[in-house]
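Each chain is listed here by its residues.
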Amino acid sequence: MNSLNIPVIKRLIAKDWLLFQKQLAAHVLAGAFALCLLGLAKPWAFYLGSLLLIIVLVAASCFSISTSLVNERRDQTLAFVMSLPISPLDFYLSKLAGNLITFAVPFLVLAVGTIAVILFTPLPDGLVVYSMLLFGHILAAFCVSLSVAMAVESEGWNIFAMISSMVMINPFIMGLGQIESISAIARGPDIIFNAPVIAILAAQLVLSVALLCLTGWAHCRKTAFY
Amino acid sequence: MRLHYLDNLRALAMLAGVLFHAALAYSPLIHPYWPPADRSQSQLVDIFAWFLHLFRMPLFFMIAGYFAAELIERRGMLGLMRNRARRILIPFAVLLVPIVMSLSWSTQWAAANVQHPSPVLQWVAQFSLQANPPQLPPSTSHLWFLYYLLWFYVLLWAMRSLLPETVWRLPERLPRWWICVAPMLLSPALASVVAPHPAPESFLPQFWAFAFFGSFFAFGTAVYRRRGWIDALSPIWLASIGVLLYGLWFALLRHATIDPSNPRAPWSLAILGAYISVLMTLACWVAGRRWLNAQSRVMRYLAGGSYWTYLLHLPLLFLAQYLLMDLSWHWSLKFAIAVFATLLLSYLSYELLIRRTELRRFVG
């Protein structure tokens, strides 16, 4: 296997960052607004702020994938990328790293912020487990969308993957409500990771990593872009 | 070219922070809420401390905004972010936990050992007797200034990415009388919190702090783009009007009744507070440009150690004031000793640990 072309990978990440910068700036402003809403320490502001934060996170992940992969194909800039001295694996790694960084920053800020709000306010601490499951779902949904975007060239399928994986959060929340051992933890004062919680978190993590590895493996085997 | 007046202003404002925090222990107004609040108090402390409080931090943010714009022009946005990560983010991340822990330790020690405790220390002593005391929310302590600066740099990047150049040129077209109207726009922020405005120490950002301090930061960037814009203003006139308004503000504050369930400043205090903040910040800026724009070895040294002093001063000050609490001395003597001990230890540690080491790149 040829060695990776790190300088070009970095340049491709920088190019994607430059293209995504305005959207990311808008997301940062919306995120700051949502955090300020949480800072008002009023019940209505808490719900509005949390909802806005989830919307920002979902929007950031979808826009990031859309800008760096889907639009690139539509604008036919891939032809230009192909003229660079890079392999399909280099290209895959640049897209993976760029998207993961773009997604990971708001994701981690939001996850840590949410856990801190739960732990240091009168909200029951058991909600930490519940929110970790929700963040696990968003992570898995992001990985599904990213893998599909990198593996499938159809714009329609990409949009379908993005929307369906993120929208699945609603049935997922309802499903968690049906599992008594999980909903009881969410209402309680203790942070308990019982068997169903660990199983769901493990499934989300394994699915996320497996999808990214599988897509990487597919790109690794490619000798040409098409 | 080095701007000596801004270096000097920043150093003086940082050292004024030590005086301000030291004075709070002898302030009757904040006595129920300040951990090292002393038995010996004076109304004089209130008069001076709260005057300083209204413009000290706005001046800091204005200077920070000015330097941010300068850094962007010289090194670009990436250069600004790298520089600020080294000078603000790393010191904040590294020092926050030790500072909060040392404040907590000294306060718990004082609650257990001081014979004449403040109301807060009494509360801490009762609180610690509980079997499972609830955890207090995490706080940025006095490093909230650094925390908000980090936010403002990120927001500056976001705004510069989104807004076209024509919007950034707007301040260049504004007439000078706009400064008379601008404080009215700040007053809703001050009306949404108690008077005198508190320090926004929570990790969750506050709307009012974004609006109030962020406006001074933005004004600092605008002043950089339009250098000389405010230089013609008279610092004496600005300060005179500021002091007169402060007299009115303080008189109103003493008679203000604030609902504990909804603690908010009356509009009269908020509007006056906003005007005093703007007038006095401008007065300091213009006065600094006129009278502090010279290189002096003493000021250079003080400026060099001022950032480190700012970071370190509160735990040292609290400890000094806890040790002085049981003494029946006059407040002015305790105040002088606490300030002297804090500055001595801060500058001594600066000399030994920072000035001649690589650490000066971060906090020097």
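See the structure printed just above.
Every value quoted in this text rests on a predicted model; they were computed, and no experiment measured them. (Residues numbered from 1 in each chain as written. Chains lettered and ligands numbered in written order. Predicted model: local features only at pLDDT ≥ 70, side-chain atom pairs only at ≥ 80, totals over all residues. Heavy atoms only, no water.)

## Side note on the environment of B:Leu162
- Mapping B:Leu162 onto the fold places it in helix H4 (residues 144-162).
- It is 15 Å that separates the C-alpha atoms of B:Leu162 and B:Ala218, two residues lying 56 residues apart in sequence.
- When residues no more than four places from it in sequence are discounted, the contact partners of B:Leu162 are A:Lys22, A:Ala25, A:Ala26 and A:Leu29. (Helix = DSSP H or I, 4+ residues; strand = E, 2+ residues; numbered from the N terminus. Contact = heavy atoms within 4.5 Å.)

## Some points on the side chain of A:Asn99
All names here are of chain A.
- With respect to the element layout, asparagine 99 can be found in helix H4 (residues 88-119).
- A polar contact of 2.5 Å, which involves the side chain of asparagine 99, links it to the side chain of serine 64.
- In this structure the side chain of asparagine 99 is engaged in a polar contact, spanning 2.8 Å, whose partner is the backbone oxygen of lysine 95.
- For asparagine 99, the residues in contact, after removing those within four places along its chain, are Ser64, Ile65, Ser68, Leu69, Phe142 and Leu146. (Polar contact = N/O pair within 3.5 Å; in protein donor to acceptor, adjacent residues only side chain to side chain.)

## Looking at the interface of chain A and chain B
- Listed by partner, the interface residues are 19 residues for chain A and 18 residues for chain B.
- When the two sides are added together, the surface that chain A and chain B hide from each other amounts to roughly 1,600 Å², 81% of it contributed by carbon and sulfur.
- Looking at the side of chain A facing chain B, the largest losses of area belong to A:Leu29, A:Cys36 and A:Phe120, adding up to 35% of the total buried there.
- Where chain A meets chain B, there are zero salt bridges.
- Take the side of chain A that touches chain B: its biggest share by element is 15 residues, from helix H1 (residues 6-39) of chain A.
- Taken together, the residues of the side of chain A that touches chain B break down into 15 nonpolar, two polar and two charged. (Buried area = accessible area lost by both parts, 1.4 Å probe. Salt bridge = Lys/Arg side-chain N within 4 Å of Asp/Glu carboxyl O. Nonpolar A, V, L, I, M, F, W, Y, C, P; charged D, E, K, R; others polar.)

## Some words on a nonpolar patch on the surface
- Together, B:Met159, B:Leu162, B:Leu163, B:Val167 and B:Leu170 make up an exposed nonpolar region whose accessible area comes to about 350 Å².
- Assignment of secondary structure puts B:Val167 in helix H5 (residues 165-168). (Patch = residues over 30% accessible without salt bridge, like charges linked within 9 Å, V, L, I, M, F, W, Y side chains within 5 Å. Areas by Shrake-Rupley, 256 points an atom, 1.4 Å probe, with all protein chains shown as cover.)

## Quick word on the nonpolar core
- Membership of the largest hydrophobic core comes to 168 residues, with the highest contact counts inside it found for B:Phe61, B:Ile230, B:Trp249 and B:Trp285.
- What B:Ile230 contacts, discounting residues up to four positions off in sequence, is B:Met62, B:Ile179, B:Phe219, B:Val223, B:Leu282, B:Trp285 and B:Val286.
- Of all hydrophobic cores here, the second largest spans six residues; its members include A:Leu12, A:Leu78, A:Val81 and A:Ile86. (Core = buried A, V, L, I, M, F, W, Y, C linked by side-chain atoms within 4.5 Å. Buried < 20%, exposed > 50% of the residue type's maximum accessible area, 1.4 Å probe, protein only.)

## Regarding the environment of B:Leu29
Residue and element names in this part refer to chain B.
- For leucine 29, the location among the structural elements is in the loop between helix H1 (4-24) and helix H2 (43-113).
- The exposure class of leucine 29 is partly exposed, given its relative accessible area of 35%.
- Distance in space between the C-alpha atoms of leucine 29 and proline 196 is 9.7 Å, their sequence separation being 167 residues.
- If sequence neighbours within four positions are ignored, leucine 29 has contacts with Asp46, Trp50, Pro196 and Leu253.

## What to know about the environment of B:Leu150
Residues and elements named next belong to chain B.
- Within the element layout of this structure, leucine 150 appears in helix H4.
- Note on leucine 150: relative accessible area 18%, which makes it buried.
- Considered as a pair, leucine 150 and arginine 176 are 26 residues apart in the sequence and their alpha carbons are 30 Å apart.
- Residues within four places of leucine 150 in sequence aside, it is in contact with Ile88, Leu89 and Phe92.

## Comments concerning the packing of aromatic side chains
- In the structure shown here, the tally under the stated rule is 45 aromatic pairs over all chains.
- Consider the rings of A:Phe103 and A:Phe142, whose centres lie 3.9 Å apart with planes at 5°: the pair is stacked. In this pair, A:Phe103 sits in helix H4 while A:Phe142 sits in helix H5 (residues 127-151), placing the two residues 39 residues apart along the sequence. For the pair shown, A:Phe103 and A:Phe142 are each scored as buried.
- Ring centres of B:Tyr66 and B:Tyr224 lie 5.1 Å apart, and the angle between their planes is 85°; this geometry places the pair in the edge-to-face category. On the criterion of sequence distance, the pair formed by B:Tyr66 in helix H2 and B:Tyr224 in helix H8 (residues 207-225) is long-range, its members being 158 residues apart.
- The exposure class assigned to B:Tyr224 is buried, which follows from its relative accessible area of 6%.
- When the ring centre of B:Phe362 is taken as reference, the NZ or CZ atom of B:Arg361 above it lies at 5.9 Å. (Phe/Tyr/Trp six-rings, centres within 6.5 Å; stacked < 30°, edge-to-face > 60°. Lys NZ or Arg CZ within 6 Å of the ring centre and 35° of its normal.)

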